[in-house]
Amino acid sequence: MTTELGRLIARRIALTGPISIADFMAEALGHPRLGYYRRALPVGAGGDFITAPEISQMFGELIGAWLAERWIAIGTPSPVHLVELGPGRGTLMADALRATRSVSGFHAALRLHLVETNAPLRAEQHRALGVFAPVWHERFDAVPPGPALVVANEFFDALPVRQFRRTSQGWRERMVGLAADGETLVLALAPGVTPYARYLPVAAEGAEAEIGEAGRDLAAAIGERLLRDGGWALIVDYGYDRGAGTSLQAVRGHQGARILDRPGETDLSAHVDFAALAAATRAPAFGPVSQGSFLCRLGIRQRAQSLKTRASEFQRTAIDAALARLIDPRQMGTLFRVLAVGDGRSTAPAGFSEAE
Ligand SMILES: C[S@@+](CC[C@H](N)C(=O)[O-])C[C@H]1O[C@@H](n2cnc3c(N)ncnc32)[C@H](O)[C@@H]1O
C-alpha cells in the first residue's frame, strides 16, 4: 500500500517521465500538504528520531556559549540576527538562550529568526521561544541583511541529494521511475551520461556517488552573507569529511525503511559531505571536527559534573548516559561532525583547536 503522496508522484512520473532522487526527496519531504517535514511531528521520543538537543540540555547550552562568544568576537553588533535552520521543537535555542542570559547586552541585541517549513513544529517553537519574539521564514534567503550568527543541527541531512553509479559507459544518474504496473515506484539508471559527470571523481565501474546541490547552494548563500555582513555559522550533522559513496537512508518509526516506501510518512536523510559544504561557502571554515571532541573542548564534562552536584541519584545516571550518547565514539561522538564558517575578520572560534 502506498500513500496519497506516493500516488501523486507516480502520476507525475507517468506524465513527464522519471525524476531524479533529489526531486523525489524534495517531494517526499517538502510537498506543501503531504511532505514528511510538512505534517507530522517527527522529532522527539514519539517521532521518528531523537536529536542531540533532545538528549540533553548541555548540547544547547554549550552551543549558546559558543554563539555568545562569537558575538563578542565580531564586536558585539546590535542588532545581530540569530538564525536557526530547522529548529525542531526549539529545544536547542531555548537552552542556548537560557545559558546566555547573563552575557551583558547579548539578548538585547539579538533578533531571532527561525527557518522552518513545518507548521506543527513552528507551533512548538512558538511555545518554547515566543518570549524572544522570533520571526519565521521558509528560507534562509529571507533573513534580513546584517551581522548574523547561524546555527543548524541536523538540517543539511534533510536536503535533497542526487545519486550516481559508474557503469562501463561512464557515470549514470539513478532515477525514480515506474514499474510495469504503472503504480509502483522503482529505481533505475538513466540511459545517457549525466551532465554531473564533470563533478564526479574518476572511479572504477560500480562506484557510487552522491551530490547534494541544495546543501551546497545553501552553504554558498551562508558564506556570501557572512563575508558581506559579518558573523559566524555553526553546522552540526552526521556525515563525512570528504565525499564517499552513497548514504541516503529511510527511517520510519525508529526503524530502517526502504527509500521509495510510503513517501510522506518516511524520513529521508543523507550523510553531509562536509568538504563540499566548506568549499561551497568560499569563506574561512574550521573543522569539521567530531561532535565528541567539539563538545569536550567546550567543557561538556565539566558541565555534566556541575549538573550532577545538584541532582538525585536517578538524575546523575541520566546525565552520565546523555553525556555518553553525545560524545562516545560508538554513539553520536564520531559520526556527527561540526563545521564553523566565519567572516574572515574575527579570531578563531573555540572547539576546533587541538590545543584546547
Ligand atoms: C532532523 S530535524 C532537526 C531539528 C532540530 N534542529 C534538532 O536538532 O532537534 C530537521 C528540522 O528541519 C526542518 N526542515 C527540514 N527541511 C526543511 C527545509 N527544506 N526548510 C526549512 N526547514 C526544514 C524540519 O521541520 C525540522 O525542524
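What comes next is a walk through the structure. All values reported here derive from a predicted model rather than from experimental measurement.

Definitions and limits used
- Residues numbered from 1 in each chain as written.
- Predicted model: local features only at pLDDT ≥ 70, side-chain atom pairs only at ≥ 80, totals over all residues.
- Near = placed C-beta within 6 Å.
- Nonpolar A, V, L, I, M, F, W, Y, C, P; charged D, E, K, R; others polar.
- Buried ≥ 20, exposed ≤ 12 C-beta atoms within 10 Å, placed from the backbone.
- Helix = DSSP H or I, 4+ residues; strand = E, 2+ residues; numbered from the N terminus.
- Arc of directions from axis to C-beta.
- Contact = placed C-beta atoms within 7 Å.
- Pairing = 2+ DSSP bridges.
- Axes fitted to C-alpha atoms, helices over the stretch in contact; angles between N-to-C directions.
- Parallel < 35°, antiparallel > 145°, perpendicular 65-115°, else oblique.
- Left-handed = near helix turned anticlockwise from the far one by under 90°.

### Examining the site of the ligand
And step 1. Close contacts around the ligand come from 19 residues, with Thr51, Gly86, Gly88, Asn118 and Asn153 the closest.
And step 2. Here the shell around the ligand is built from residues that sort into 9 nonpolar, 7 polar and 3 charged.

### Details of helix α10 (residues 274–281)
And step 1. Among the residues of α10, those classed as buried are Phe274, Leu277, Ala278, Ala280 and Thr281. Buried residues in α10, looked at end-on, bunch into an arc of 160°, giving them a common side.
And step 2. Taken together, the buried residues of α10 touch α9 (213–229), β10 (231–240), β14 (272–273), β15 (285–290) and β16 (336–341).

### Side note on the pairing of β10
And step 1. Counting buried positions along β10 gives 8 out of 10 residues, so the element sits mostly inside the fold.
And step 2. Pairing geometry for strand β5 (residues 148–153) and β10, over 6 bridges, is parallel. Within β10, the residue paired with asparagine 153 across the bridge is valine 236.
And step 3. Pairing of β10 with β16, which is carried by 6 bridges, proceeds in the antiparallel orientation. In the sheet register, isoleucine 235 faces β16, and the bridge partner there is leucine 339.

### Digging into the pairing of strand β2 (residues 80–85)
And step 1. Counting buried residues along β2, 6 of its 6 residues qualify, which places the element largely inside the surrounding structure.
And step 2. Of the two faces of β2, the one carrying Val80, Leu82 and Glu84 and the one carrying His81, Val83 and Leu85 are both buried.
And step 3. As defined by bridge partners, β2 adjoins strand β3 (residues 110–115) across 6 bridges and the pair is classed as parallel. Each bridged residue has a counterpart across the sheet, and for valine 80 the counterpart in β3 is leucine 110.

### As for the environment of glutamate 265
And step 1. Along the chain, the position of glutamate 265 falls in the loop between β12 (255–257) and β13 (267–269).
And step 2. The spatial distance from the C-alpha of glutamate 265 to the C-alpha of glycine 35 is 7.8 Å, given a sequence separation of 230 residues.
And step 3. Excluding residues that lie within four positions of it along the chain, glutamate 265 makes contacts with Thr3, Tyr36 and Arg252.

### Looking at the sheet that holds β12
And step 1. Pairing is antiparallel in the open sheet, where 3 strands are placed in the order β12-β11-β13. Each edge of the sheet is formed by a strand with only one pairing partner; in this case those strands are β12 and β13. This sheet shows a mean twist of 40° between the axes of neighbouring strands, independent of strand direction.
And step 2. Alignment of strand β11 (residues 249–252) against β13, held across 3 bridges, turns out to be antiparallel. For alanine 250, the partnering residue across the bridge sits in β13 and is leucine 268.

### Some points on helix α6 (residues 91–99)
And step 1. When you tally the buried positions in α6, you get 8 out of 9 residues, the bulk of the element.
And step 2. The complete set of buried residues in α6 reads Thr91, Leu92, Met93, Ala94, Asp95, Ala96, Leu97 and Ala99.
And step 3. Here the buried face of α6 lies against α4 (52–55), α5 (57–73), β2, α8 (119–129) and β5.

### Looking at the packing of α9 against α10
And step 1. Between α9 and α10, the shortest axis-to-axis distance is 7 Å and the interhelical angle comes to 40°. Overall, the two elements α9 and α10 adopt an arrangement that is oblique. Between α9 and α10 lies a crossing whose hand is right-handed. From α9, Gly215, Arg216, Ala219, Ala220, Ile222 and Gly223 reach across to α10, where they touch Ala276, Leu277, Ala280 and Thr281.
And step 2. For the contact of α9 with α10, a count of residues per class yields 6 nonpolar, 3 polar and 1 charged.

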